Amino acid sequence: MKKIGLFFMLAIVMLSVKAQSSENQYYRYNVDLGLAYGVTTANDGGKFNKDNAYIPSIGLNYRINKSFSAGLYFDFSEFDRTYSFWTDETTLCVGGFKQQLFSAMVVGDYNYYLNPKISLFGGLGIGLAHNRFDTDTFVNGMVSDESKMKMVIMPRVGVVLGKHLKLTVGYKYQDDVNSYVYGGLAFTFGFCKK
């Protein structure tokens, strides 16, 4: 009877050691393919076009250790903007145009594991956004094609469920006009298990 008890205790210890070692494993490199839905925070009438409110993204991450990762993040968004303003006391100009935003950022995340299948993360992205304005739809004589580069900051938090599902909520700040809150879903794929 003692031998059976000793065998079971040894088996439990071995299983717990194996569980801990698998819990400590992570992938050194990760690729995230995502799709987010954004809601603009602009107060000037600019808003996402309902047909183009989805924001595709790709992230390339390098795991420095189990808790910290750094990488690159790219996304693209397009939204319809409308403006109204007075050129003088008697003339009101109303205009609309499409705005396309392409962002490239360096990102860093801190990862906290609740258990081997669920981890929380929080991080920050800093980079540049290329803003392209399609002015073909301007009215009242306003025609000037324009492209601008602006700095962008993106704090974000989220959860990774299992090995491949990543949910994120973030705020992308460029300026008072081009900032938005977003929620996203990504599929993450890892390489080179550590």
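Overview of the overall build of the chain
Looking only at helices and strands, one finds 1 helix and 8 strands in the chain. Shown N-terminal to C-terminal, the secondary structure of the chain runs as helices and strands in the order α-β-β-β-β-β-β-β-β. Residues counted as buried form 35% of the 194 residues belonging to the chain. Expressed as a percentage of contacts within the chain between residues at least 6 apart in sequence, the contacts between residues at least 24 apart total 58%. Only carbon and sulfur atoms are counted for the fraction: they give 67% of the accessible area of the chain, which is about 11900 Å².

Overview of the pairing of strand E8 (residues 180-193)
Sheet analysis places strand E1 (residues 27-40) next to E8, joined by 13 bridges and oriented antiparallel. In the strand pairing of E8, tyrosine 29 is matched with phenylalanine 191. Of the pairings in the sheet, the one linking strand E7 (residues 165-172) to E8 comprises 8 bridges and is antiparallel in character. Directly across from lysine 172, in E8, lies its bridge partner tyrosine 180.

Let's talk about the nonpolar core
In this structure, Ala36, Ile55, Tyr73, Met105, Val107, Ala129, Val152, Met154, Tyr180 and Tyr182 together form the largest nonpolar core, which totals 10 residues. Where this core is concerned, the elements lending two or more residues are strand E4 (92-115), strand E6 (146-161) and E8. Apart from the residues lying within four places of it in its own chain, the contact partners of methionine 154 are Tyr73, Met105, Val107, Gly123, Leu124, Gly125, Tyr171, Lys172 and Tyr182.

A closer look at the pattern of salt bridges
Under the definition given, this model contains 3 salt bridges. One salt bridge in this structure joins aspartate 32 and lysine 166, with 2.7 Å as the shortest N-O distance. Linking aspartate 32 in strand E1 with lysine 166 in strand E7, this pair joins segments that are 134 residues apart in sequence. Comparing aspartate 32 with lysine 166 shows no difference in burial state: the two are buried.

Details of the confidence of the model for the chain
Put simply, the chain has an average pLDDT of 76, and 64% of its residues get 70 or more. Averaged pLDDT values over the elements of the chain bottom out at 45 in helix H1 (residues 2-23) and peak at 93 in E7. Overall, residues 8-22 carries pLDDT values under 50, and its contacts beyond four positions in sequence, including any with other chains, amount to 0 contacts. Within the model, the stretch residues 137-143 combines pLDDT values under 50 with 13 contacts to residues more than four positions away or in other chains.

The rules behind these values
Along each chain, numbering runs from 1 in the same order as the chain's sequence is written. Only residues with pLDDT of at least 70 are given local features in this predicted model, and only at 80 or more are side-chain atom pairs given and counted; all residues enter the totals for whole chains, interfaces and linings. With hydrogens and water stripped out, all remaining heavy atoms of the structure feed into the side-chain values. Helix numbering and strand numbering both begin at the N terminus, where a helix is a DSSP run of H or I of at least 4 residues and a strand a DSSP run of E of at least 2. We call a residue buried when its accessible area falls under 20% of the maximum for its residue type, exposed when it is over 50%, and partly exposed in between, using a 1.4 Å probe and counting protein chains only. A contact between two residues is defined here by any heavy atoms of the two lying within 4.5 Å. Per-residue and other accessible areas follow the Shrake-Rupley method at a 1.4 Å probe size, with only the shown protein chains counted as cover for residues. In this description, strands pair whenever DSSP reports at least two bridges between them. Side-chain atoms within 4.5 Å link the members of a nonpolar core, which is a set of buried Ala, Val, Leu, Ile, Met, Phe, Trp, Tyr and Cys residues. Should a side-chain nitrogen of Lys or Arg be within 4 Å of a carboxyl oxygen of Asp or Glu, the pair is scored as a salt bridge. As a per-residue quantity, pLDDT reports the predictor's confidence and falls between 0 and 100.

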